[in-house]
Amino acid sequence: MKSIDSKVNIIPLIAKADTISKNDLQKFKSKIMNELISNNIQIYQFPSDDETTVQANSSTNGVLPFAVVGSIDEVKVGKRMVRGRHYPWGVLQVENENHCDFVKLRDMLLCTNMEDLKDQTHFYHYECYRCRKLQKMGFTDVGPDNQLVSCRTSLSTLKDFNKRR
């Protein structure tokens, strides 16, 4: 993760969260976040500076990592069919927020923060990649008159972008 955090947006997930008790899941989430912080791994933080998404995103940042359960099976719950897993003690529903964080993850990625993810990918990850490649090709970030050259002009934009995060 350390080697790719500057290249991609990392959103931590716990797969097969139905195999862990609720109490152990909270401890595991805490342990994962502590490991990420102690190893200085940068994960995607849902933006909390936009007025329309501040409420949803600030609470979602506290849920990380998402605990998800997947299933391609449809099971009958009451009178309707839902995606889930049938166990001897009951049914785990993939889209039930009491059972897993799948709905929160889907909404945060596809509905609320899609544009920010695209911006982060372009303005930070791609520009860092581009600058590294240009440096390897022999381009420098300052010209003969000690002014920033065009291949690195975007670096100041990157720094400004990161400060806002």
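Model, not experiment: these values are computed from the prediction. (Residues numbered from 1 in each chain as written. Predicted model: local features only at pLDDT ≥ 70, side-chain atom pairs only at ≥ 80, totals over all residues. Heavy atoms only, no water.)

**Student:** Give me the pattern of salt bridges: which residues, what numbers.
**Tutor:** Counted under the stated rule, the structure contains 6 salt bridges. The partner of Arg 130 in a salt bridge is Glu 127, with the nearest N and O atoms 2.7 Å apart. Here Arg 130 and its partner Glu 127 are both found in helix 4 (residues 114–136), 3 residues apart, which amounts to about one turn of the helix. Looking at Arg 130, the relative accessible area reads 25%, which means it is partly exposed. We classify Glu 127 as buried; its relative accessible area is 10%. (Salt bridge = Lys/Arg side-chain N within 4 Å of Asp/Glu carboxyl O. Helix = DSSP H or I, 4+ residues; strand = E, 2+ residues; numbered from the N terminus. Buried < 20%, exposed > 50% of the residue type's maximum accessible area, 1.4 Å probe, protein only.)

**Student:** I'd like to hear about helix 1 (residues 22–38), residue by residue, with values.
**Tutor:** Between the first and last C-alpha of helix 1 there are 24 Å, a value that for 17 residues agrees with the 24 Å anticipated at 1.5 Å per step. By the burial criterion, the buried members of helix 1 are Leu 25, Lys 29, Met 33 and Leu 36. All buried residues of helix 1 project into a common sector of 70° when viewed along the axis, lining one side. Exposed side of helix 1, more than 90 degrees from the buried face: Lys 27, Lys 31 and Ser 38 are the residues found there. Packing partners of the buried residues in helix 1 comprise strand 1 (13–14) and strand 2 (66–67). Where helix 1 terminates, the next one or two residues include Asn 40, which has phi positive at roughly 55°. (Expected span 1.5 Å × (residues − 1). Arc of directions from axis to C-beta. Contact = heavy atoms within 4.5 Å.)

**Student:** Explain a nonpolar patch on the surface residue by residue, including any values.
**Tutor:** Where nonpolar side chains cluster on the molecular surface, the patch consists of Met 1, Ile 4 and Val 8 and spans about 250 Å² of accessible area. Relative to the helices and strands, Ile 4 resides in the segment before strand 1. (Patch = residues over 30% accessible without salt bridge, like charges linked within 9 Å, V, L, I, M, F, W, Y side chains within 5 Å. Areas by Shrake-Rupley, 256 points an atom, 1.4 Å probe, with all protein chains shown as cover.)

**Student:** Describe the pairing of strand 4 (residues 80–87), listing the residues and the values that go with them.
**Tutor:** In summary, the side chains of a regular strand alternate between the two faces of the sheet. Relative to strand 4, strand 3 (residues 74–77) runs antiparallel, the two being bridged by 4 bridges. Residue Val 77 lies in a different strand from strand 4, and its bridge partner there is Arg 80. The hairpin turn running from strand 3 into strand 4, its antiparallel successor, is 2 residues long, and Gly 78 in that turn takes a positive phi close to 65°. Here strand 4 runs beside strand 5 (residues 90–93); their pairing, made up of 4 bridges, is antiparallel. Residue pairing across strands places Tyr 87 opposite Gly 90, the latter belonging to strand 5. Between strand 4 and the antiparallel strand that follows it, strand 5, lie 2 residues. (Pairing = 2+ DSSP bridges.)

**Student:** Mind laying out the sheet that holds strand 4, listing which residues take part and the relevant values?
**Tutor:** Pairing within the open sheet is antiparallel, and its 3 strands lie in the order 3-4-5. Only two strands of the sheet have a single neighbouring strand rather than two, namely strand 3 and strand 5. On average, adjacent strands in this sheet sit at an angle of 70° to one another, irrespective of strand direction. (Axes fitted to C-alpha atoms, helices over the stretch in contact; angles between N-to-C directions.)

**Student:** Got a sec to walk through the nonpolar core? Specific residues and values, please.
**Tutor:** Judged by nonpolar contacts, the single largest core of 14 residues is most densely connected at Met 33, Leu 36, Ile 43, Phe 46, Leu 64 and Phe 66. At the level of secondary structure, the elements contributing two or more residues to this core comprise helix 1 and helix 3 (102–112). Not counting the four nearest positions on each side in its chain, Phe 46 is found in contact with Ile 11, Asn 57, Thr 60, Asn 61, Leu 64, Phe 66, Met 108 and Asn 113. Core analysis: the second largest hydrophobic core is formed by 7 residues, Ile 14, Leu 25, Ala 67 and Val 69 among them. (Core = buried A, V, L, I, M, F, W, Y, C linked by side-chain atoms within 4.5 Å.)

**Student:** Can you break down the packing of aromatic side chains residue by residue, with the values?
**Tutor:** Taken as a whole and judged by the stated rule, the model has 4 aromatic pairs. One aromatic cluster is present, formed by Tyr 44, Phe 46 and Phe 66 through successive ring pairs. (Phe/Tyr/Trp six-rings, centres within 6.5 Å; stacked < 30°, edge-to-face > 60°.)

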